[in-house]
Amino acid sequence: MPHHAENHSVTAFHGTTILALRHKGKVAIAGDGQVTLNNTVIKHKARKVRRIFNDKILVGFAGATADALNLSERLEAKLERFNGNLTRSAVELARDWRTDKYLRRLEALMIALDEKAMFLISGNGDVIEPDEGLIGIGSGGVAAQAAAMALLEHNADLDARSIVASSMKIASSICVYTNDNILLEEL
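Along each chain, numbering runs from 1 in the same order as the chain's sequence is written. With pLDDT at 70 or above as the cut-off, local features in this predicted model cover only qualifying residues; side-chain atom pairs require 80 or more to be listed or tallied, and sums for whole chains, interfaces and linings still use all residues. Note that water and hydrogens are dropped before the side-chain values are worked out from all heavy atoms of the structure.

A few points about the sheet that holds strand β12 (residues 183-186)
Strands in a sheet are paired, the pairing made by backbone hydrogen bonds, and the direction either parallel or antiparallel. The condition is simple: The rule for pairing is simple: two strands pair if DSSP sees at least two bridges between them. Strands here are runs of E lasting at least two residues and helices are runs of H or I lasting at least four, both read from the DSSP assignment and numbered beginning at the N terminus. Orientation is described by axes fitted as lines to C-alpha atoms, over the contacting stretch for helices, and by angles from 0 to 180 degrees between their N-to-C directions. Every residue pair with non-hydrogen atoms within 4.5 Å of one another is taken to be in contact.
Ordered by their spatial adjacency, four strands build an open sheet running β11-β2-β3-β12, and the pairing between neighbours is antiparallel. The open sheet has two edge strands with one neighbour each: β11 (134-138) and β12. Within this sheet the neighbouring strands show an average axis-to-axis angle of 10°, counted without direction. Direction of pairing for strand β2 (residues 17-23) relative to strand β3 (residues 26-31): antiparallel, over a ladder of six bridges. Each residue of the ladder has a partner; that of H23, found in β3, is K26. Set on the sheet, helix α3 (residues 141-154) makes contact with β2 and β11; between it and β11 the angle comes to about 160°. Across the sheet, helix α4 (residues 160-174) lies against β2, β3 and β12, angled at about 155° from β2, the strand it touches most.

Structure (structure tokens):
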């Protein structure tokens, strides 16, 4: 059987940990700052979490930065069109993303949240609202989400911001594609 060598000319971007939580009437979302190209860290302070739509909506993204920025701009346009209705805007963005020839090529996942709703939006047309008001995406997303679940279960007096910050710190200590340069936003 012939052995096929790995194609090392292909560049692989890794990284990102995004964690969003709704807890005690507040929502918080955080993202790390690391961008990795193959096995090299090329950026330490990337901004993967943003406020949009007059600071009323928080978004976090995993994937290609230009693609994610394109998607957050498109989400903001949908929010303008639907008077800030995040649910309707997320559904319309996911529909466009799934059906538009250009958008289908975008490689990213997005979490969008406001004071009432939280969604994971993907290019497959998914608009998923997590059951527990908690979701993690990206390479360290599972570690961050697991840490947050443990903190929620065993330390109920912590607020959303504290849980997200602690969980991101834990994820950064486990996932090599996640650093501890955390940007955290809260509503």
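Examining the packing of helix α1 (residues 65-81) against helix α2 (residues 86-99)
Operational definition: Oblique is the label for every angle not falling under 35 degrees (roughly parallel), over 145 degrees (roughly antiparallel), or within 65 to 115 degrees (roughly perpendicular). Each crossing is labelled by how the near helix is turned from the far one, with a counterclockwise turn of less than a right angle marking it left-handed and a clockwise turn marking it right-handed. The classification used treats Ala, Val, Leu, Ile, Met, Phe, Trp, Tyr, Cys and Pro as nonpolar, Asp, Glu, Lys and Arg as charged, and all other residues, Gly among them, as polar.
Where α1 meets α2, the closest approach of the two axes is 9 Å, and the angle between their N-to-C directions is 130°. One finds that α1 runs oblique with respect to α2. For α1 against α2, the interelement crossing comes out right-handed. Contacts between α1 and α2 involve L71, R74, L75, K78 and L79 from the former and L86, S89, A90, E92, L93, D96 and W97 from the latter. The residue inventory of the contact of α1 with α2, partitioned by class, reads seven nonpolar, one polar and four charged.

Describing the pairing of strand β7 (residues 57-63)
The criterion, for reference: Only protein chains enter the accessibility calculation, which uses a 1.4 Å probe. A residue is then buried if its area is under 20% of the maximum for its type, exposed if over 50%, and partly exposed in between.
Burial analysis of β7 places six of its seven residues in the buried class, which makes it a mostly covered element. Here strand β6 (residues 49-52) runs beside β7; their pairing, made up of four bridges, is antiparallel. For R51, the partnering residue across the bridge sits in β7 and is L58. In sequence, β6 turns back onto β7 through a hairpin of four residues, with F53 there showing a positive phi of about 50°. The pairing of β7 with strand β8 (residues 108-113) spans six bridges and is antiparallel. Bridged to G60 within β8 is I111.

Topic: the sheet that holds strand β9 (residues 118-122)
Strand order in the open sheet formed by five strands is β6-β7-β8-β9-β10, and the pairing between neighbours is antiparallel. Only two strands of the sheet have a single partner each, and these edge strands are β6 and β10 (127-128). Sheet strands touched by α1: β6, β7 and β8. Its angle to β8, the strand with the most contacts, is close to 35°. Most of the contacts of α2 go to β9, to which it runs at about 10°, and overall it touches β7, β8, β9 and β10.

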